[in-house]
Amino acid sequence: MDSAKESSAPETGAQYRCSSCGAPVTFDPSQQALACEHCGNSDAVKIPLEEIPEHCIAEALRRPERKGYDIPVRRMRCQSCGATVDLDPGVVAGKCAFCGASAVASVEEESRVWRPESLLPFKVSRDEAAHAYHKWLSSLWFRPGDLKDSAINEISGVYLPYWTFDARADSWWTADAGYHYYETVTYKDSQGNTKTRRERRTRWEPASGRHYDEYRNVPIYASQGLPVSICRAIEPYPWENMAAYDPRFLSGFGAEEYVVDAVEGWSRGQERMNGWEREKCSRLVPGDTQRNLRVVTRFSEAKFRHVLLPVWIVAYSYKGKTYRFLANGQTGKASGKAPYSWVKISATVLIAILVLVLLGLYLGM
Ligand SMILES: [Zn+2]
Ligand SMILES: [Zn+2]
């Protein structure tokens, strides 16, 4: 298209060029390639079948040996939510991808984060994600009419930083198992007549047991740009598509820097697995009901990886509150929150009441 723009583009490692015509190219999720809009050529990004390294937990205490992304990036920090995003210099960052604020400033000091060793590349294209967003938006009820027209439709592709953990869990549990039984009791009613009724009682017996499990790829979001609940809502990720880190996958996208280190990540990972172990042990308690469940879990053979996971995000503020739509960049699974219109809800409730009243009158006649 424009040779002027092409020649003025910064000569950085992050800007890849078409092997056929030399125009700047970015990663195209639908082709899994650096695709050229100029001549139609596409250079496939081969996923090397090398082993993705895993670290034992003790290594989390060490300082990272390999930092950054292996390519020059622009570090941008949002003044509003504090998220730090590293951008391919070719990506224009107007607003913060996480909160929609436009107060985004570049950070001069160099990134000190661990070099990611693996990632799930984007598979869902920008157009597919935008389509999913509009479909989601139009499926909502009782939303303010101006929501759909407002200029909130900027969709950003961002790699989120995660720690993933593998571990063996050995749990010991104790609980009181309750068994129901029925007794016939006699009582006097208000007229003084003797009557009988069956009442339920519970007999409590101590119970205990063990439970073993192996967890693989337990994902822990390692940053602060997004609430954990919305990140979990778009799980699971297809881990079998994991690729060794290659900076070309980042071309055209941003990557959020982690703020939760691997040590803190491991304690959150254990918390998450503890929750699952508790549920599983609870199911093992015999009887009809239970109380005083205590579970002690010991983790062993724990390993971790630093991975980047792809998401499409639409973030915007509406009347001072932040709302977001997220789609898993591999599976397209989406989740979001949008403001309600109380005017529309009240109107609907009033109409419903009116219908009921009229129906009541009609049936009463
Ligand atoms: Zn080309
Ligand atoms: Zn922000």
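The structure under discussion appears in the preceding block.
Let me begin by describing the structure that accompanies this report.

What counts as what
- Residues numbered from 1 in each chain as written.
- Chains lettered and ligands numbered in written order.
- Predicted model: local features only at pLDDT ≥ 70, side-chain atom pairs only at ≥ 80, totals over all residues.
- Heavy atoms only, no water.
- Helix = DSSP H or I, 4+ residues; strand = E, 2+ residues; numbered from the N terminus.
- Contact = heavy atoms within 4.5 Å.
- Areas by Shrake-Rupley, 256 points an atom, 1.4 Å probe, with all protein chains shown as cover.
- Patch = residues over 30% accessible without salt bridge, like charges linked within 9 Å, V, L, I, M, F, W, Y side chains within 5 Å.
- Salt bridge = Lys/Arg side-chain N within 4 Å of Asp/Glu carboxyl O.
- Buried < 20%, exposed > 50% of the residue type's maximum accessible area, 1.4 Å probe, protein only.
- Pairing = 2+ DSSP bridges.
- Donors = N, O, S within 2.8 Å, 3.2 Å for Na, K, Ca; no water.
- Tetrahedral: all angles 85-135°; square planar, octahedral: opposite > 155°, others 65-115°.
- Core = buried A, V, L, I, M, F, W, Y, C linked by side-chain atoms within 4.5 Å.
- Domains from an automatic or database assignment.
- Expected span 1.5 Å × (residues − 1).
- Lys, Arg positive; Asp, Glu negative; His and termini not counted.

Helix and strand counts for the protein stand at six helices and 16 strands. Across the protein, contacts joining residues at least 24 apart in sequence account for 75% of those joining residues at least 6 apart. For the protein, the computed accessible surface area is about 20100 Å², with 51% contributed by carbon and sulfur atoms.

On to a nonpolar patch on the surface, then. A grouping of Val-349, Leu-350, Ile-353, Leu-354, Val-357, Leu-358 and Leu-361 is seen on the molecular surface, where their side chains present a nonpolar patch of about 680 Å² in accessible area. Within the secondary structure, Val-349 sits in helix α6 (residues 342-364). For Val-349, a relative accessible area of 46% corresponds to the partly exposed category.

What follows covers the sheet that holds strand β1 (residues 16-17). Sheet strands pair by backbone hydrogen bonding; their relative direction is either parallel or antiparallel. Read from one edge of the open sheet, four strands run β1-β2-β3-β4, paired in antiparallel fashion. The outermost strands of the open sheet, each flanked by one partner alone, are β1 and β4 (42-44). Taken together, the three bridges between strand β3 (residues 33-35) and β4 define a ladder with antiparallel strand orientation. Its bridge partner lying in β4, Ala-35 is registered against Ser-42.

To continue, consider the coordination of the zinc ion (ligand 1). For the zinc ion (ligand 1), the full set of protein donor atoms is Cys-18 (SG), Cys-21 (SG), Cys-36 (SG) and Cys-39 (SG), at a range of 2.3 Å. Taken together, the four donor atoms surrounding the zinc ion (ligand 1) define angles of 105 to 113 degrees at the centre, an arrangement classified as tetrahedral. All donors of the zinc ion (ligand 1) come from a single chain, and their spacing in sequence reads C-x2-C-x14-C-x2-C. Here Cys-39 lies in the loop between β3 and β4 and Cys-21 lies in the loop between β1 and β2 (24-28), a separation of 18 residues in the sequence. Judged by relative accessible area, which is 33%, Cys-21 ranks as partly exposed.

So, on to the coordination of the zinc ion (ligand 2). Cys-78 (SG), Cys-81 (SG), Cys-96 (SG) and Cys-99 (SG) make up the full set of protein donors to the zinc ion (ligand 2), lying at 2.3 to 2.4 Å. Its four donor atoms give the zinc ion (ligand 2) angles of 104 to 114 degrees at the centre, a pattern that matches the tetrahedral case. Positions of the donor residues of the zinc ion (ligand 2) along the chain correspond to the pattern C-x2-C-x14-C-x2-C. Of the two residues, Cys-81 is situated in the loop between β6 (74-78) and β7 (84-87) and Cys-96 in the loop between β7 and β8 (104-106); the sequence distance between them amounts to 15 residues. Taking the relative accessible area as the measure of exposure, Cys-81 reaches 24% and is therefore partly exposed.

With that settled, consider the environment of Tyr-212. Within the fold, Tyr-212 resides in strand β11 (residues 194-221). On a C-alpha basis, the gap between Tyr-212 and Ser-171 in space is 6.3 Å, while along the polypeptide they are 41 residues apart. Filtering out sequence-adjacent residues up to four positions away, Tyr-212 remains in contact with Arg-168, Ala-169 and Asp-170.

Now for the nonpolar core. Among the nonpolar cores identified, the biggest contains 54 residues, and Tyr-69, Tyr-159, Trp-163, Leu-250 and Trp-312 are the most heavily contacted of them. Broken down by secondary-structure element, the contributors of at least two residues to this core are β2, α2 (126-139), β10 (156-188), β11, α5 (262-284), β14 (289-318) and β15 (321-328). Counting residues per element, this core draws most heavily on β14, at eight residues. If you count residues domain by domain, this core takes at least three from each of domain 1 (1-46) and domain 2 (52-172 + 208-345).

Right, let's get into α5. For α5, which comprises 23 residues, the first-to-last C-alpha distance of 32 Å matches the rise-based estimate of 33 Å (1.5 Å per residue) to within 8%. For α5, the full list of buried residues reads Ala-262, Gly-265, Trp-266, Gly-269, Arg-272, Met-273, Glu-277 and Cys-281. Of the surrounding elements, those touching the buried residues of α5 are β10, β11, α4 (228-233) and β14.

Attention now moves to the side chain of Arg-305. Residue placement: Arg-305 occurs in strand β14. Despite its burial, Arg-305 pairs with no opposite charge, the nearest such side chain being Glu-54 at 4.2 Å. Leaving out residues up to four positions away in the same chain, Arg-305 has contacts with Ile-52, Pro-53, Glu-54, Ser-118, Tyr-162, Trp-163, Thr-164, Asn-217 and Met-242.

The next subject is the pairing of β7. On a regular strand, each side chain points to the face opposite its neighbour's, so the side chains alternate between the two faces of the sheet. Burial of β7 is two-sided: the residues Thr-84 and Asp-86 facing one way and the residues Val-85 and Leu-87 facing the other way are all buried. Pairing between β6 and β7: four bridges, direction antiparallel. Bridge pairing links Met-76 to Val-85 in β7. Linking β6 back to β7 in an antiparallel pair, the connection comprises five residues, with Gly-82 at a positive phi of about 85 degrees. In this sheet, strand β13 (residues 254-256) lies alongside β7 in antiparallel orientation, the contact comprising three bridges. Note on β13: the bridge partner recorded for Leu-87 is Gly-254.

Here β1 pairs with β2 via two bridges, running antiparallel. Bridge pairing in β2 places Arg-17 opposite Pro-24. Turn length for the β1-β2 hairpin, with the two strands adjacent in sequence and antiparallel, is six residues, and the turn residue Gly-22 shows positive phi of about 90 degrees. Where β2 lies against β3, three bridges are found, and the strand directions are antiparallel.

Let's shift gears to the environment of Ala-167. Locating Ala-167 in the fold gives a position in strand β10. Those residues within four positions of Ala-167 in sequence are excluded, and the remaining contacts are Asp-213, Glu-214, Tyr-215, Trp-266, Met-273, Phe-299, Ser-300, Glu-301 and Ala-302.

Shape descriptors only; they carry no functional weight alone.
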